[in-house]
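# Fold and contact review
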Amino acid sequence: MPRQTRSLTSLALASALALGAVALALGSARSLAAEGPDPVKARKEAMEEINKNMKTLSAIAKKETPFDAAAVKKAAGTIAADLKKASTLFPAGSEKGSVPTEARPEIWSDSAGFSATMASAHAAAEGLAKVEDEKAFLPALRALGGNCKECHDMYRVAKKR
Ligand code: ASC
């Protein structure tokens, strides 16, 4: 094969491979969008993990379990990570999902306010994770609980009683 033909052939081959890779990438992006986790489900899972870890922390507050800085760090660190994750799980268009949601429309109409309360809750969880002594534990837990409540009061549908 003349050298020029050979380089054209390898160019054609390289282009075909590159196009194939792009097609594969697009295909997997599309199936991710179609089959990827529902943000409503994912944010509910994050909130449930937060609730579970809040129970661990409130048991310490109620002296049902002894204060343990490592346990506090683990629970509050998990809550902080979940809050960070959850704050990305309210994209435009996720007002409804495949499961019922208690998210209020204010999350999207007042997204700056929503982001600010989420950021504040996240900071409170990080602060709680840094608590080393028992004296600082209750105030830090109350600060986080206050943030949870504030955000729920403004951005979560009121529970029926
Ligand atoms: C929790 C939980 C909440 C908050 C809130 C704090 O453990 O499930 O919704 O704490 O009660 O005020």
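Figured I'd write up the structure that's included with this text. (Residues numbered from 1 in each chain as written. Predicted model: local features only at pLDDT ≥ 70, side-chain atom pairs only at ≥ 80, totals over all residues. Heavy atoms only, no water.)

As a further point, take the overall build of the protein chain. From N to C terminus, the protein chain includes 6 helices and 0 strands. For the protein chain, with 161 residues in total, the buried portion stands at 28%. A separation of at least 24 residues holds for 76% of the contacts in the protein chain among residues at least 6 apart in sequence. Accessible surface computed for the protein chain: about 10700 Å², of which carbon and sulfur atoms make up 62%. (Helix = DSSP H or I, 4+ residues; strand = E, 2+ residues; numbered from the N terminus. Buried < 20%, exposed > 50% of the residue type's maximum accessible area, 1.4 Å probe, protein only. Contact = heavy atoms within 4.5 Å. Areas by Shrake-Rupley, 256 points an atom, 1.4 Å probe, with all protein chains shown as cover.)

Taken as a whole, the largest pocket holds about 680 Å³ of empty space. Counting only elements with at least two residues in the lining of the largest pocket, the list comes to helix 2 (39-61), helix 5 (111-129) and helix 6 (134-155). Along the lines of polarity and charge, the residues of the lining of the largest pocket split into 14 nonpolar, 5 polar and 6 charged. (1 Å grid on protein atoms, 1.4 Å probe; cavity = no way out; pocket = protein on both sides within 12 Å on 5 of 7 lines; lining within 4 Å. Points joined across faces, edges and corners; volume = space filled by probe spheres on them. Nonpolar A, V, L, I, M, F, W, Y, C, P; charged D, E, K, R; others polar.)

The environment of the ligand is made up of Asn51, Met54, Gly145, Cys148, Lys149 and His152. Between the ligand and Gly145, the relevant distance is 3.2 Å, taken from an oxygen atom to a main-chain nitrogen or oxygen of the residue. Within the side chain of His152, one N or O atom sits 3.2 Å away from an oxygen atom of the ligand. Here the ligand, which alone exposes 310 Å², has 61% of that area covered by the protein. Taking a 2 Å distance to the grid points as the criterion, the majority of the atoms of the ligand fall inside the largest pocket. (Near = heavy atom within 4 Å. Polar contact = N/O pair within 3.5 Å; in protein donor to acceptor, adjacent residues only side chain to side chain. Sits in = over half its atoms within 2 Å of the grid points.)

This part is about the packing of aromatic side chains. Under the defined criterion, the tally for this structure stands at 4 aromatic pairs. Taking 5.2 Å as the distance between ring centres and 75 degrees as the angle between the ring planes, the aromatic pair formed by Phe114 and Tyr155 counts as edge-to-face. Note that Phe114 is positioned in helix 5 and Tyr155 in helix 6, a separation of 41 residues in sequence. Look at Tyr155 and you get buried, because its relative accessible area is 4%. An aromatic cluster is built from Phe90, Trp108, Phe114 and Tyr155, whose rings are joined through pairwise contacts. (Phe/Tyr/Trp six-rings, centres within 6.5 Å; stacked < 30°, edge-to-face > 60°.)

This part takes up helix 2. Working note: α-helix, 3.6 residues per turn, so residues spaced by three or four point in the same direction. A rise of 1.5 Å per residue sets the reference length of helix 2, with its 23 residues, at 33 Å; its end C-alpha atoms lie 32 Å apart and thus fit the reference within 8%. Buried within helix 2 we find Val40, Ala42, Arg43, Ala46, Ile50, Asn53, Met54, Leu57, Ala59 and Ile60. Buried-residue contacts for helix 2 involve helix 3 (69-86), helix 4 (106-109), helix 5 and helix 6. You can read the cap of helix 2 off the contacts: a side-chain oxygen lies 2.8 Å from the backbone nitrogen of Val40, and it is on Asp38. Immediately beyond the C-terminal end of helix 2, within one or two residues, lies Lys63, with a positive phi of roughly 60 degrees. (Expected span 1.5 Å × (residues − 1).)

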